[in-house]
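The lines below spell out each chain.
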Amino acid sequence: MLQADGPTLGVAHTTFKAVLSRFCTGVTVLTALDGDRPVGFSCQSFSSLSLEPPAVCFCPARTSTSWPRIRAAGRFCVNILAHDQEEVCRRLARSGTDKFAGIDWAPSANGSPRLSGALASIDCELEREFDGGDHTIVIARVTALDEHSDAPPLLFYRSAFERLGAR
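Let me sum up the structure you'll find in this document. (Residues numbered from 1 in each chain as written. Predicted model: local features only at pLDDT ≥ 70, side-chain atom pairs only at ≥ 80, totals over all residues. Heavy atoms only, no water.)

## Describing the overall build of the chain
A count of helical and extended segments in the chain gives three helices and 12 strands. For 167 residues, the compact-globule estimate of 2.2 N^0.38 gives 15 Å, and the C-alpha radius of gyration of the chain, at 16 Å, lies within 12% of that figure. Along the three orthogonal principal directions, the C-alpha set of the chain runs to about 50 × 40 × 40 Å. Taking all contacts inside the chain whose residues are at least 6 apart in sequence as the whole, residues at least 24 apart take part in 62%. One finds the centroid of the 17 positive side-chain charges in the chain at a distance of 5 Å from the centroid of its 19 negative side-chain charges. (Helix = DSSP H or I, 4+ residues; strand = E, 2+ residues; numbered from the N terminus. Rg over C-alpha atoms; globule rule 2.2 N^0.38 Å. Contact = heavy atoms within 4.5 Å. Lys, Arg positive; Asp, Glu negative; His and termini not counted. Charge placed at Lys NZ, Arg CZ, Asp CG, Glu CD.)

As structure tokens, this is what we get:
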């Protein structure tokens, strides 16, 4: 039986994190414009949801200061990061800094920042939000999307960035 080291009904937070870190994820950056200023955050809890209608879902932390600004915009771009964009991911994961200083981007189809070097971009409009404990579960309708590169993806596994092995 697991011993709790936090308030999670008999599941230790450290065990939860260790076990779930065995699930490899891709890394995305969600971006929007807050007026004329770019805003964004790194997000690994992202997934396709539906083909009909085309939809995605992701889960920002309730403590995020960027998600409320993106929510207010109502539309945003999901940038799927390439293997060489670890620093971009780290920069956009920080709070309280000018996250976009030195980051190249151009407007996506919906006007949101599309990051240079990203593997793909997915333009979305906010559909719904649900309570997800210490995160919010967000469902978004896909309005446009495009592939930009065949480079390998940036992956996150066991609390570290990884790359695909040679094929």
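Following the structure, the description resumes.
## What about the sheet that holds strand S3 (residues 37-43)?
Here seven strands make up an open sheet; going across it, the order is S3-S2-S6-S9-S10-S5-S4 and the pairing antiparallel. The open sheet terminates on both sides in strands that have one partner only, identified here as S3 and strand S4 (46-50). Sheet twist, expressed as the mean angle between neighbouring strand axes with direction ignored, is 35°. Relative to strand S6 (residues 75-80), strand S2 (residues 28-34) is paired through four bridges, and the arrangement is antiparallel. Bridge pairing links Thr 31 to Cys 77 in S6. (Pairing = 2+ DSSP bridges. Axes fitted to C-alpha atoms, helices over the stretch in contact; angles between N-to-C directions.)

## Some words on the sheet that holds strand S12 (residues 160-162)
Read across the sheet, three strands follow the order S1-S11-S12 without closing on themselves; strand pairing throughout is antiparallel. Either end of the sheet is taken by a strand with one partner, and the two such strands are strand S1 (25-26) and S12. Across three bridges, the pairing between strand S11 (residues 155-157) and S12 is antiparallel. Paired with Phe 156 across the two strands is Phe 161, which belongs to S12.

## Details of the pattern of salt bridges
The tally for this structure, following the rule as stated, stands at seven salt bridges. Arg 90 is the partner of Glu 86 in a salt bridge, and the nearest nitrogen-oxygen pair spans 2.9 Å. Of this pair, Glu 86 and Arg 90 both sit in helix H3 (residues 86-93), four residues apart, which is roughly one turn of that helix. Using a relative accessible area of 30% as the deciding quantity, one classes Glu 86 as partly exposed. Given a relative accessible area of 40%, Arg 90 falls into the partly exposed group. The partner of Arg 141 in a salt bridge is Glu 125, with the nearest N and O atoms 2.5 Å apart. Taken together, the residues Arg 141 in strand S10 (residues 135-147) and Glu 125 in strand S9 (residues 120-132) connect sequence positions 16 residues apart. (Salt bridge = Lys/Arg side-chain N within 4 Å of Asp/Glu carboxyl O. Buried < 20%, exposed > 50% of the residue type's maximum accessible area, 1.4 Å probe, protein only.)

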